[in-house]
Protein chains: 2
Amino acid sequence: MKNDSGYALLQRAFLQGLLALSLLAAWPASWAADALPSWRDGPAKQAIIKFVTSVTDTNAKTYVRPDDRIAVFDNDGTLWSEQPFYFQIYFMADQVRAAAPKHPEWQELPEFKALMARDMPALMKIGPKPVLELLAQANSGMTTDEYDKAIDDWLFFSRHPRFNRPYTDLVYQPMKELLRYLEMNFFKNFIVSGGGIEFMRVWSKKAYGIPPERVIGSIGEVKFEEKDGKPVLTKLPKLGFLDDGPGKPVGIYRNIGRQPIFAFGNSDGDLQMLQWTAAGKGPRFMGLVHHTDDKREWAYDRTSHIGKLDKALDEAQAKGWVVVDMKKEWAKVYAFD
Amino acid sequence: MKNDSGYALLQRAFLQGLLALSLLAAWPASWAADALPSWRDGPAKQAIIKFVTSVTDTNAKTYVRPDDRIAVFDNDGTLWSEQPFYFQIYFMADQVRAAAPKHPEWQELPEFKALMARDMPALMKIGPKPVLELLAQANSGMTTDEYDKAIDDWLFFSRHPRFNRPYTDLVYQPMKELLRYLEMNFFKNFIVSGGGIEFMRVWSKKAYGIPPERVIGSIGEVKFEEKDGKPVLTKLPKLGFLDDGPGKPVGIYRNIGRQPIFAFGNSDGDLQMLQWTAAGKGPRFMGLVHHTDDKREWAYDRTSHIGKLDKALDEAQAKGWVVVDMKKEWAKVYAFD
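Along each chain, residue indices are assigned from 1 in the same order as the chain's sequence is written. Ligands are numbered from 1 and chains lettered from A, in the order in which they are written. A pLDDT threshold of at least 70 governs which residues receive local features in this predicted model, and a stricter bar of 80 or more applies before side-chain atom pairs are shown or counted, although totals over entire chains, interfaces and linings include all residues. Only hydrogens and water are set aside when side-chain values are computed; all heavy atoms of the structure are taken into account.

Describing the overall build of chain A
A count of helical and extended segments in chain A gives 15 helices and eight strands. Here the C-alpha coordinates of chain A stretch approximately 70 × 50 × 40 Å along the principal axes. Put simply, 68% of the contacts in chain A that link residues at least 6 apart link residues at least 24 apart. Here, Shrake-Rupley sampling with a 1.4 Å probe gives the accessible areas, and only protein chains in the shown set may cover a residue. Carbon and sulfur atoms make up 55% of the accessible area of chain A, which totals about 13900 Å². Asp and Glu are treated as the negative residues and Lys and Arg as the positive ones, with His and the ends of the chain left uncounted. For the purpose of locating charges, the reference atoms are NZ of Lys, CZ of Arg, CG of Asp and CD of Glu. Averaging the locations of the 44 positively and 43 negatively charged side chains of chain A gives two centres separated by 3 Å. Starting at the N terminus, helices and strands are each numbered in turn, a helix being any DSSP run of H or I of at least four residues and a strand any DSSP run of E of at least two. The contact criterion used throughout is that any non-hydrogen atoms of two residues lie within 4.5 Å.

Quick notes on the packing of helix H12 (residues 247-255) of chain B against helix H13 (residues 271-278) of chain B
Residue and element names in this part refer to chain B. For helices, the axis comes from a line fit to the C-alpha atoms of the stretch in contact; other axes are also lines fit to C-alpha atoms, and the angle between any two N-to-C directions lies between 0 and 180 degrees. Two elements in contact, H12 and H13, have axes separated by 7 Å at closest approach and are oriented at 55°. Classified by the angle their axes make, H12 and H13 are oblique. Facing H12, whose interface residues are Lys248, Pro249 and Ile252, H13 presents Gln272, Met273 and Trp276. Reported orientations rely on four angle classes, namely roughly parallel under 35 degrees, roughly antiparallel over 145, roughly perpendicular from 65 to 115, and oblique for the rest.

Considerations on the pattern of salt bridges
In the sections that follow, a salt bridge refers to a side-chain nitrogen of Lys or Arg positioned within 4 Å of a carboxyl oxygen of Asp or Glu. This structure, assessed with the given rule, holds 46 salt bridges over all chains. Notably, a salt bridge pairs Lys328 of chain A with Asp325 of chain A, separated by 3.9 Å at the nearest N-O pair. Throughout, exposure labels follow a simple rule: accessible area from a 1.4 Å probe, protein chains only, divided by the maximum for the residue type, with under 20% read as buried, over 50% as exposed, and the rest as partly exposed. Residue classification places Lys328 of chain A among the exposed residues on the basis of a relative accessible area of 62%. The closest approach of N and O atoms between Asp270 of chain B and Lys248 of chain B, which form a salt bridge, is 2.7 Å. With Asp270 of chain B in the loop between strand S5 (262-265) and H13 and Lys248 of chain B in helix H12, this residue pair connects regions lying 22 residues apart in the sequence. The pair Asp270 of chain B / Lys248 of chain B is uniform in exposure class, with both members buried. A single salt-bridge network, built from bridges that share partners, covers Arg65, Asp67, Asp68, Lys188 and Arg258 of chain A together with Lys205 and Glu213 of chain B.

Thoughts on the side chain of Ser158 of chain A
All names here are of chain A. With respect to the helices, strands and loops of the structure, Ser158 is situated in the loop between helix H8 (144-157) and helix H9 (173-184). A distance of 2.7 Å separates a polar atom in the side chain of Ser158 from the backbone oxygen of Trp154. When residues no more than four places from it in sequence are discounted, the contact partners of Ser158 are Arg165, Pro166 and Tyr167. Pairs of N or O atoms are called polar contacts if they sit within 3.5 Å, as long as, within protein, a hydrogen donor faces a hydrogen acceptor (for residues adjacent in sequence, only side-chain-to-side-chain pairs).

Description of the domain arrangement of chain A
Residue and element names in this part refer to chain A. Segmentation of the chain into domains, including their bounds, is taken from an automatic or database domain assignment. Each assigned domain of chain A is listed here: domain 1 (29-84 + 169-232 + 241-329) and domain 2 (87-157). The C-alpha-based centres of domain 1 and domain 2 are spaced at 26 Å. If you sort the residues of domain 1 by the area they bury against domain 2, Phe199, Val202 and His305 come out on top, with a joint share of 36%. On the surface where domain 1 and domain 2 come into contact, there are zero salt bridges. Run the count over domain 1 and domain 2 and you get two residue pairs in polar contact (both at pLDDT 80 or more). Considering only residue class, the side of domain 1 that touches domain 2 consists of ten nonpolar, seven polar and four charged. Once two parts are brought into contact, the accessible area they lose, counted with a 1.4 Å probe and summed over both, makes up the buried area. Residues are sorted three ways: Asp, Glu, Lys and Arg are charged, Ala, Val, Leu, Ile, Met, Phe, Trp, Tyr, Cys and Pro are nonpolar, and all the rest, Gly among them, are polar.

Notes on the nonpolar core
What is meant by a nonpolar core is a set of buried Ala, Val, Leu, Ile, Met, Phe, Trp, Tyr and Cys residues, joined one to another through side-chain atoms within 4.5 Å. Counting 201 residues, the largest nonpolar core has Leu178 and Phe262 of chain A together with Leu178 and Phe262 of chain B as its most contacted members. When residues no more than four places from it in sequence are discounted, the contact partners of Phe262 of chain A are Phe51, Ile70, Ala71, Val72, Phe73, Leu178, Leu182, Phe187, Thr277 and Phe285 of chain A.

Considerations on the environment of Phe163 of chain B
Here Phe163 of chain B lies in the loop between helix H8 (144-157) and helix H9 (173-184). In this structure the C-alpha to C-alpha distance between Phe163 of chain B and Ala318 of chain B, which are 155 residues apart in sequence, comes to 36 Å.

Quick word on the packing of aromatic side chains
Centres within 6.5 Å make a pair out of two Phe, Tyr or Trp rings, where for Trp the six-membered ring is used; the pair is then stacked when the planes are under 30 degrees apart, edge-to-face when over 60, and tilted otherwise. Inspection of every chain in the model, using the stated rule, returns 56 aromatic pairs over all chains. Through a chain of ring-to-ring contacts, three or more aromatic side chains come together here, namely Trp80, Phe85, Phe87, Tyr90, Phe91, Tyr147, Trp154, Tyr167, Phe199, Trp203 and Tyr208 of chain A. For a Lys NZ or an Arg CZ to count as sitting over a ring, it must be within 6 Å of the ring centre and within 35 degrees of the ring normal. Positioned above the aromatic ring of Phe190 of chain A is the side chain of Arg214 of chain A, whose terminal nitrogen or guanidinium carbon lies 5.5 Å from the ring centre. A cation over an aromatic ring shows up here: Lys235 of chain B above the ring of Tyr147 of chain B, its NZ or CZ 4.3 Å from the ring centre.

Quick word on helix H13 (residues 271-278) of chain A
H13 of chain A sits mainly inside the fold: seven of its eight residues count as buried. What H13 of chain A keeps buried is the set Leu271, Gln272, Met273, Leu274, Gln275, Trp276 and Thr277 of chain A.

Here it is as structure tokens:
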């Protein structure tokens, strides 16, 4: 079509109507079930469908207006894999290594040593803040455009060590279907991750159908200035906001401005986001991906150095939140399975 | 309809198709013109339609994919009036006055004295930061829900001194039409204001059709904690982010993550947002509302104590940005005119 404004908009709506008409005859009654083909017919899938049906039923007391159907998803370990290390750690290690010659003072920092050695237990002990601060220093002075390009290039060339595939291939197929299923039911999907916001925004639209403005993450300070006569945003050597643990409800407040009705995580870093979601009025869905599949993916929870799931698992069990047994409930993990 | 998921979704699409069919016959060719009835047929309206046509024409080099059609609007003086003082100042004065007995240390602060006296020239000289910090202290300890309720109550009972109407009646009808026109052309509209983010989020959906997650503004720090056994976000006595001047491109980066292609402001506080928009690749629209109507609204620009338009006016004239002459180009200012 030549133009998608005005008249063409109506034409499109008309064609969609015709398409809908032609589909109605052949449409199976079990539409919802078919929207989640990579989910086995277990308790998690049933709970998801039950919840979505309850908030979209206009006659039910549980009905929620489309505009308030806010769904939030953690990223690492919830929408894609996070083993053997958070994928962003590989990117960060490359960035920090490249910047290291200019920063002799880093040599003695425990976070620098651990990152260079990819010593994940040590990094987890140090916590995400010093590591993200190191990255902020490494990329200080880059414009946001240059940084986006560095991420994009890195994703293009790098491969996951176990699967020898681009990292973006390690997105969970059942979760992609869940995102589509919610979207078809007029939910607004957001990512709320402890990872760097730019790292996800570069590929979230392509991988998840989630545009940059619906990605919330940890974020470095930037400054508006002129560079070579052109206005740019330049990265400063300072972490501005850590979107992890109790930071997640704060990030939701800053970027969304209200409580979600649907939240999915996989670790203790998601606990406050799930609690904040649960605290709202009306129907709520809280879900956890439980990594139980050491064949197709990885199996880990209470004692893991990455994506530790301990307190959140207790609270989920105590409060009846949905815990997805990946091994039992996912017919497929990745699209390439 | 009973349920808006699955099968019902298709039914709705089908009905929309039928509706579109019935409308096609009667649809006027001048659809775009009719979408902006409160705009006279002047240079601003023509520039808006020309721009929107150029980015929606799929055969043109200027085509922009719907997902990248980001439009940003300043609020005070751009979407609604800001005279005799920013409307939020009235709210703030009431909040600060109520909290004053607990803060004897405020009595000597120039920002407190100016706010109590509603001395706008003094307040503008002091700048927005100390004033917003005072408000943050006044509301410290409130939960975000309590704060939203305080705003909502205040808006319900308060009246604009000149028009004796609720402040939300002072939204500009031509700008409302512009928001709808852009939306019909698959733009995503955002507010990017120096005002407090919560103050706008409470009513932006109703007044502008802009949901809370598309409102960016100055924002106080909040903390996630338990209060009476319930998870809440509590306001802290600290301004976290000032979304004004060079802060506006930073706010856009934080919440949207890419450059807008369309920006509208009305004062020097919007200059950097307009520069940042103009700096992107491809077609761009930069607009300024020029307050020239001392009968229906107010007339002010280079020397005003509120919404000073000086440097941005020079740059607009030098670079060919669109300057809307309110008196000449708006057939209507408010819906009640």
